[in-house]
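Geometric and topological summary
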Amino acid sequence: MRFNPLLLIAAATTLPLLLTGCENNAAAYEVDGRNHAITLVRERNYIWSDEVKQALVAARFPACQRRWEIVPGNTEGPKMSLYGIRDGLFVAVQGKHWYAIGTEKCEVAKMEPSGDAPPGQLLGAFVRKDGVLSFVPDPAARATSGTPADGQSAPQ
C-alpha cells in the first residue's frame, strides 16, 4: 500500500472544521470561595449532534464533591438560573427543568416546579458570553450580598 501525502493534508485540514461545533465548557458559581461552588458542565462531542450533555457539580471541599448528570441541553442554551434558598440550599432552573442542590452533602435532585416562580433569591445565571460559558451574577443579588461586579466563572 502506497502512502498518499494529499490524503494526509486533506485529513489534517478538515479535522479542525469538524471539531469547531464541539463544546466542552464549565462555569462555576462560587458559594464561599473556590472550595464551595456549584458548577455547570456542558459537553457536545459531535458537530452533527444538537444534544449537549450537561452535569451539575456540587462541591464543598474537603467534605464532598459530586457530579450529577442532568437533562441534556441544546446548542442554543444553556441559560440556567440559580436561586439561593438558604445556606447550602439552591435551586437551578433551566426551562421547565428544576433542580434542588444541597452543598452540605453535595447532592442534586430533579424537582417538580412549585408555582410560577422558583423559591429564593435569584443569584444569577449560567449563560454563554462571547462563546464561553460564564456565570453572570444578578445585579440585585450583588447589591445585597456584596458579590464582585465582574461575576464568577471558570471556563475550560
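As a reminder, the structure under discussion sits directly above these lines.
Summarised in this report is the structure supplied together with it. (Residues numbered from 1 in each chain as written. Predicted model: local features only at pLDDT ≥ 70, side-chain atom pairs only at ≥ 80, totals over all residues. Heavy atoms only, no water.)

**Notes on the state of the cysteines**
We apply this condition: The rule for a disulfide is simple: a pair of cysteine sulfur atoms within 2.5 Å. Put simply, DSSP marks the helices as runs of H or I at least four residues long and the strands as runs of E at least two long, and each gets a number from the N terminus on. We call a residue buried when its accessible area falls under 20% of the maximum for its residue type, exposed when it is over 50%, and partly exposed in between, using a 1.4 Å probe and counting protein chains only.
Applying the stated rule across the entire model yields 1 disulfide. A disulfide bridge connects C64 with C106, and the sulfur atoms are separated by 2.1 Å. In this structure, the disulfide formed by C64 and C106 twists by about 70° around the S-S bond and is classed as right-handed. Taken as a pair, C64 in strand 4 (residues 64–74) and C106 in the loop between strand 7 (97–102) and strand 8 (107–111) lie far apart in primary sequence, 42 residues in all. Exposure class is identical for C64 and C106. Each is buried.

**Quick word on the environment of L56**
Using the following cut-off: Every residue pair with non-hydrogen atoms within 4.5 Å of one another is taken to be in contact.
With respect to the helices and strands, L56 occurs in strand 3 (residues 51–60). Relative accessible area serves as the criterion here: at 1%, L56 is assigned to the buried category. Expressed as a C-alpha distance, the spacing of L56 and E107, which sit 51 residues apart in the sequence, is 9.6 Å. If sequence neighbours within four positions are ignored, L56 has contacts with I38, T39, L40, R66, R67, W68, I70, M80, A92, Y99, I101 and V108.

**What to know about the pattern of salt bridges**
Threshold: One side-chain nitrogen of Lys or Arg within 4 Å of one carboxyl oxygen of Asp or Glu is enough to make a salt bridge.
Applying the stated criterion across every chain, the model contains 3 salt bridges. Across the pair R67 and E43 runs a salt bridge whose closest N-O atoms are separated by 3.3 Å. With a gap of 24 residues between them, R67 in strand 4 and E43 in strand 2 (residues 36–44) connect regions that are remote in the sequence. Given a relative accessible area of 41%, R67 falls into the partly exposed group. Given the relative accessible area of 24%, E43 is considered partly exposed. E69 serves as the salt-bridge partner of R67, at 3.0 Å between the closest nitrogen and oxygen.

**Topic: the pairing of strand 4**
The following threshold applies: A pair of strands is treated as paired once DSSP finds two or more bridges between them.
Bridging between strand 3 and strand 4 involves 9 bridges; their strand directions are antiparallel. By the bridge assignment, V52 is partnered in strand 4 with G73. Between strand 3 and strand 4, which pair antiparallel in sequence order, lie 3 residues.

**Examining the layout of surface pockets**
Put simply, the test is: Two kinds of site are reported from a 1 Å grid over the protein atoms alone, namely cavities, where a 1.4 Å probe fits but cannot get out, and pockets, open sets with protein on both sides within 12 Å along at least five of seven lines, and residues are called lining when an atom falls within 4 Å of a point. Grid points are joined across faces, edges and corners, and a volume is the space filled by probe spheres set on the points. In this classification, Asp, Glu, Lys and Arg are treated as charged, Ala, Val, Leu, Ile, Met, Phe, Trp, Tyr, Cys and Pro as nonpolar, and every other residue, Gly included, as polar.
A volume near 170 Å³ is recorded for the second largest pocket. For the second largest pocket, the full set of lining residues is Y29, V31, D32, H36, G84, I85, R86, D87, G88, F90 and L123. Looking at the lining of the second largest pocket element by element, the count peaks at 3 residues for strand 5 (residues 80–86). The residue inventory of the lining of the second largest pocket, partitioned by class, reads 5 nonpolar, 3 polar and 3 charged.

**Some points on the sheet that holds strand 8**
Condition: Angles here are taken between N-to-C directions and fall from 0 to 180 degrees, while the axes themselves are lines fitted to C-alpha atoms, restricted in helices to the stretch in contact.
The antiparallel open sheet is built from 6 strands, whose spatial order is 8-7-6-5-9-10. Every interior strand has two partners, whereas the edge strands, strand 8 and strand 10 (132–137), have only one. Strand-to-strand twist of the sheet, defined as the mean angle between neighbouring strand axes without regard to direction, takes the value 25°. Strand direction decides the pairing type here: strand 9 (residues 121–129) and strand 10, joined by 6 bridges, are antiparallel.

**Regarding the packing of aromatic side chains**
The condition that has to hold: Aromatic pairing here means that ring centres of Phe, Tyr or Trp (its six-membered ring) are within 6.5 Å. Orientation follows from the plane angle: under 30 degrees is stacked, over 60 is edge-to-face, and everything else is tilted.
Tallying each qualifying case throughout the model produces 3 aromatic pairs. Ring geometry for Y29 against F135: centres 5.0 Å apart, planes inclined by 50°, an arrangement best described as tilted. Taken together, the residues span a long stretch of sequence, with Y29 in strand 1 (residues 23–30) and F135 in strand 10 at a distance of 106 residues. Overall, Y29 belongs to the buried group, its relative accessible area being 12%. Overall, F135 belongs to the buried group, its relative accessible area being 2%. On the basis of an interplanar angle of 65° and a centroid distance of 5.0 Å, the ring pair of F126 and F135 is categorised as edge-to-face. Taken as a pair, F126 and F135 share a single burial class, namely buried.

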